[in-house]
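A closer look at the structure
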Amino acid sequence: MSLGDGSARGEWWLRYAAPQAFFPLAGRLIPYFAILAVVLALGGLYLGFFVAPTDFQQGEAYRIIFLHVPAAWMSMFLYVVMALWGVLGFVLNTRLSGMMASAIAPTGALFTFIALWSGALWGKPTWGTWWVWDARLTSELILLFLYVGFIALKASIDDPRRADRAGAVLALVGVVNVPIIYFSVQWWNTLHQGASVSLTRSPSMATTMLWGMLLMALAAWMYSIAVCLARVRVIIREREREMAWMQELGQ
Amino acid sequence: MLASTASIIARDLRLAFRRKGDVAQVLVFFVIVASLFPLGTGAEPNQLRAMGPGVVWVAALLAALLSLGRLFAADYADGSLEQMLIAAHPLAATVAGKTLAHWLTTGLPLTLLAPLLGVQYDLPAPALGALVASLALGTPVLSLIGAVGAALTLGTRGAAVLLALLVLPLYVPVLVFGAGAVSAALAGLPHGAHLSLLGAFLAFSLVFAPWATCAALRIALD
Amino acid sequence: MNWGSLQAFLDMGGYGLYVWGSYGVAALCIAIELIALKARARRLGARMTESAS
């Protein structure tokens, strides 16, 4: 089942599976997602810093949560999306799927790093140490290794098509293992920590706090889409520059 | 199919037997790594006993990792891997056979040697039993998952380090529950649940890992 | 409004280093990502005009 473009099957959106068609579409979409990202981030930060009340136990340090939790959510979400693009590449045999997976990986790794860094700076004033071996942080660390492994594997294979397919297998194996890894680390954490040293907030969070996190998470999502679309355009240019349509575009 | 799989296992075992040095190297590495830790942390008995399960398990994990490069490299180099791909014999069975042979020459010797290292860490008999049981269940999983990594990194630059980078995060669940079983036995707590979970990981990887390895091999040899 | 003054806002109840250290590094990472992407695109443009000429 190989689809160069979908017009033969009458499905208009499948036409965009061809890099040639997707390239200009991505270019048109980027500004909208960028603006959404900025607006949502401003809203989330406003809620987080100016509306949400001070936490009784942790003081103002807890405001890191509006960065840490959305970043952690995004890092996991992007990994799943990356794996999905890989699966799509297997099923539809399109070049674009592999390019999208390659475009997502650096941003996913970035959010993982932000989650780890903000987690460390949250842990120090709250629990006294720069690194807290709690379930979420440890899982994030392993997720960072998974991202780095994916990027490294793709970088080590010269042929782009082979790199895409190998990456897809790795991402699929990874995404199946992520719940297992998370479960193992959770169990390990409860066993080895006496008191529950956890950066997870208690369920009784003020509504404003939840809204703040939600807006920041949406902002992160919009940002990711904008950046990944921009990156995939660069990747398309890198890989397709020999093609006639690229020459015509004067790229 | 069973007969040809058996012949593949026999072939790999024969090849490994001709290069006994490779198998011995893995075991020596295992012993060296496990012996390094007390030199690094001090030999206070209670501390050693507490870290023994983790250290022996990590050493076994690293030793298994080192040997994975061998799994497909030789066959890839002399072209027999391509023959296996186009042969009538299902590739998944070939892969399973090679993985089994790999475990017989790596994981199994590690499992049998582990009690000696456990004694170095003053682990009592129940903990030693848990060590052998957890390694017996866990090392096949290490071989199965490792095979996926070995296939993915076939012929790539810096394959050995890349393989470690890819495979070590995936080893975490096996490590957590394998070492956890021994720690539980050490504390006098039941460890049946840990071993059952390791068994579940083994069953899961027996079903899925050969398939992923086949996909990766096909990609590498296209 | 939570803050009496700009000074109080920057101080974050004594946790200013941690809070602004987190958000600051995040902003830095995003800036680096965008700059790196632009640089990658620029390098590609240079390579292509090179091969065209």
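Residues numbered from 1 in each chain as written. Chains lettered and ligands numbered in written order. Predicted model: local features only at pLDDT ≥ 70, side-chain atom pairs only at ≥ 80, totals over all residues.

1. A word on the overall build of chain B
The helix and strand tally for chain B stands at 10 helices and zero strands. Put simply, chain B runs from its N terminus to its C terminus through helices and strands in the order α-α-α-α-α-α-α-α-α-α. In summary, chain B has a C-alpha radius of gyration of 18 Å against a globular reference of 17 Å for 222 residues, a match within 12%. Overall, the C-alpha framework of chain B stretches about 55 × 30 × 30 Å when taken along its three principal axes. (Helix = DSSP H or I, 4+ residues; strand = E, 2+ residues; numbered from the N terminus. Rg over C-alpha atoms; globule rule 2.2 N^0.38 Å.)

2. Comments concerning the overall build of chain A
Within chain A, the secondary structure is distributed over seven helices and zero strands. Of the regular secondary structure in chain A, the N- to C-terminal order runs α-α-α-α-α-α-α. Across the 251 residues of chain A, 47% fall into the buried class. (Buried ≥ 20, exposed ≤ 12 C-beta atoms within 10 Å, placed from the backbone.)

3. What to know about the interface of chain B and chain A
With 20 residues of chain B at the interface, the matching set in chain A holds 23 residues. Sorting the residues of the side of chain B that touches chain A by element identifies helix 8 (125-152), helix 9 (159-186) and helix 10 (192-220) of chain B as the ones contributing at least two each. Considering every element that reaches the side of chain B that touches chain A, the biggest residue donor is helix 9 of chain B, with 10 residues. Split into classes, the residues belonging to the side of chain B that touches chain A amount to 15 nonpolar, three polar and two charged. (Contact = placed C-beta atoms within 7 Å. Nonpolar A, V, L, I, M, F, W, Y, C, P; charged D, E, K, R; others polar.)

4. Description of the interface of chain A and chain C
Each side of the interface is counted separately: chain A has 27 residues, and chain C has 19 residues. Looking at the side of chain A that touches chain C, the elements that each hand over two or more residues are helix 3 (95-127) and helix 6 (207-240) of chain A. Per element, the largest residue contribution to the side of chain A that touches chain C is 11 residues, and it comes from helix 3 of chain A. Looking at the side of chain A that touches chain C, its residues break down into 15 nonpolar, five polar and seven charged.

5. A few points about the packing of helix 2 (residues 20-41) of chain B against helix 7 (residues 107-120) of chain B
All names here are of chain B. Two elements in contact, helix 2 and helix 7, have axes whose closest approach is 11 Å; the angle formed by their N-to-C orientations is 25°. In terms of their interaxial angle, helix 2 and helix 7 are classed as roughly parallel. Of the two possible hands of crossing, helix 2 and helix 7 adopt the one that is right-handed. Only Pro109, Leu110, Leu113, Leu117 and Gln120 of helix 7 make contact with helix 2, whose side of the interface consists of Val23, Leu27, Phe30, Val31 and Ala34. By residue class, the composition of the contact of helix 2 with helix 7 is nine nonpolar, one polar and no charged. (Axes fitted to C-alpha atoms, helices over the stretch in contact; angles between N-to-C directions. Parallel < 35°, antiparallel > 145°, perpendicular 65-115°, else oblique. Left-handed = near helix turned anticlockwise from the far one by under 90°.)

6. Structural notes on helix 2 (residues 16-52) of chain C
Helix length check: helix 2 of chain C (37 residues) gives 53 Å between terminal C-alpha atoms against 54 Å at 1.5 Å per residue, within 8%. Among the structural elements, helix 2 (65-92) and helix 3 of chain A are those in contact with the buried residues of helix 2 of chain C. (Expected span 1.5 Å × (residues − 1).)

7. Let's talk about helix 7 of chain B
Residues and elements named next belong to chain B. Relative to the 20 Å expected for 14 residues at 1.5 Å per residue, helix 7 spans 20 Å between its end C-alpha atoms, a close match to the ideal helical length. A bend of about 35° at alanine 114 is the largest found in helix 7, and the proline proline 115 appears one to four places after it. When we look at burial in helix 7, the residues that qualify are Gly107, Leu110, Thr111, Ala114, Leu117 and Gly118. Contacts from the buried residues of helix 7 go to helix 2, helix 3 (45-67), helix 6 (91-105) and helix 8. (Bend = angle between axes of the 7 residues up to and from the residue.)

8. Description of the nonpolar core
Of all hydrophobic cores here, the largest spans 157 residues; its most connected members are A:Val169, B:Val56, B:Ala60, B:Ala151 and B:Ala216. A total of 18 residues in this core trace back to one element, the largest contributor, which is helix 6 of chain A. (Core = buried A, V, L, I, M, F, W, Y, C linked by C-beta atoms within 7 Å.)

9. A word on unusual backbone geometry
Look at A:Asn93: it is not a glycine, yet its phi comes out positive at around 55°. A positive phi angle is found at B:Asp122, which is not glycine, with a value near 60°. Position of B:Asp122 among the secondary structure elements: in the loop between helix 7 and helix 8. For B:Asp122, a count of 13 C-beta atoms within 10 Å gives the class partly exposed.

10. So, the confidence of the model for chain B
Summary statistics for chain B give a mean pLDDT of 92 and a share of 100% for residues scoring 70 or more. Of all helices and strands in chain B, the one with the weakest mean pLDDT is helix 1 (residues 2-18) of chain B (86), whereas helix 8 of chain B scores best (96). (pLDDT = per-residue confidence, 0-100.)

11. Examining the environment of B:Ala87
Residue and element names in this part refer to chain B. Of note, alanine 87 is situated in the loop between helix 5 (80-86) and helix 6. Taking the number of C-beta atoms within 10 Å as the measure of exposure, alanine 87 has 12 and is therefore exposed. Taking the C-alpha atoms as reference points, alanine 87 and lysine 20, 67 residues apart in sequence, are found 29 Å from one another.

12. Observations concerning the packing of helix 3 of chain A against helix 4 (residues 135-156) of chain A
Residue and element names in this part refer to chain A. Their axes nearest at 9 Å, the elements helix 3 and helix 4 cross at an angle of 150°. Relative to helix 4, the element helix 3 is oriented roughly antiparallel. The interaxial crossing formed by helix 3 with helix 4 has left-handed handedness. Mapping the contact onto sequence places Ser102, Ala105, Pro106, Gly108, Ala109, Thr112, Phe113, Ala115, Leu116 and Gly119 in helix 3 and Leu137, Glu140, Leu141, Leu143, Leu144, Tyr147, Val148, Phe150, Ile151 and Lys154 in helix 4. Class assignment for the residues of the contact of helix 3 with helix 4 results in 14 nonpolar, four polar and two charged.

13. Notes on the environment of B:Ala159
Residues and elements named next belong to chain B. On the secondary structure map, alanine 159 appears in helix 9. Given 18 C-beta atoms within 10 Å, alanine 159 falls into the partly exposed group. It is 8.0 Å that separates the C-alpha atoms of alanine 159 and glycine 69, two residues lying 90 residues apart in sequence. Once residues within four sequence positions are removed from consideration, alanine 159 is found in contact with Gly69 and Thr153.

14. A closer look at the environment of B:Asn46
With respect to the helices and strands, B:Asn46 occurs in helix 3. Through-space distance from the C-alpha of B:Asn46 to that of B:Ser7 is 48 Å; in sequence the pair is 39 residues apart.

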